[in-house]
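Chains, contacts and geometry: an overview
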Amino acid sequence: KITLAVIGKLGQAKTLRILGSGALAVCEVAAGNADCYFNICGSSWDFAAGALMILEAGGVVKSPEGNEWTPLAGKGIIAGAPEIYKHVFEKVNGK
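Given the structure is predicted, the values throughout are model-derived calculations rather than measurements.

Conventions and cut-offs
- Residues numbered from 1 in each chain as written.
- Predicted model: local features only at pLDDT ≥ 70, side-chain atom pairs only at ≥ 80, totals over all residues.
- Heavy atoms only, no water.
- Helix = DSSP H or I, 4+ residues; strand = E, 2+ residues; numbered from the N terminus.
- Contact = heavy atoms within 4.5 Å.
- Buried < 20%, exposed > 50% of the residue type's maximum accessible area, 1.4 Å probe, protein only.
- Salt bridge = Lys/Arg side-chain N within 4 Å of Asp/Glu carboxyl O.
- Arc of directions from axis to C-beta.

**Looking at the environment of Ile84**
Residue position: Ile84 is located in helix H4 (residues 82-92). It is 9.5 Å that separates the C-alpha atoms of Ile84 and Gly59, two residues lying 25 residues apart in sequence. Sequence-distant contacts of Ile84, defined by excluding residues within four places in its chain, comprise Asp35 and Cys36.

**Things to note about the environment of Ala57**
Mapped onto the elements, Ala57 comes out in the loop between helix H3 (44-56) and strand S2 (60-62). Taking relative accessible area as the criterion, Ala57 reaches 57% and is therefore assigned exposed. In the structure, Ala57 is positioned 26 residues away from Ala31 in sequence and 8.2 Å away in space, judged by C-alpha atoms.

**Thoughts on the pattern of salt bridges**
Under the defined criterion, the tally for this structure stands at one salt bridge. A salt bridge links Lys62 to Glu68; the nearest nitrogen and oxygen atoms lie 2.9 Å apart.

**Structural notes on H4**
Listing the buried residues of H4 in full gives Tyr85, Val88, Phe89 and Val92. Buried positions in H4, seen along its axis, are confined to an arc of 105° and lie on one side of it. Across H4 from its buried face, at more than 90 degrees, point the exposed residues Glu83 and Lys86. One or two positions beyond H4, positive phi appears at Gly94, with a value near 70°.

Next up, the structure:
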């Protein structure tokens, strides 16, 4: 239900891919094959390696609340290119 609500807020998105694997999806962002990734309830071990790759590629990786993401930050992640991250963060948080 939460994912569907967020999808509705993303109005301008042209395509939404749900790959089934958070680890793969984060790596797709790092490789430039996807613009962003968000998951508000996943576990850090699903995202840690891909998050590092996104950061190394110049992207943004934060918690759903907008705090710096670390493997100990808790559940969830929003990651992507800086210009995309801001838009997705605002939509996910209802701004």
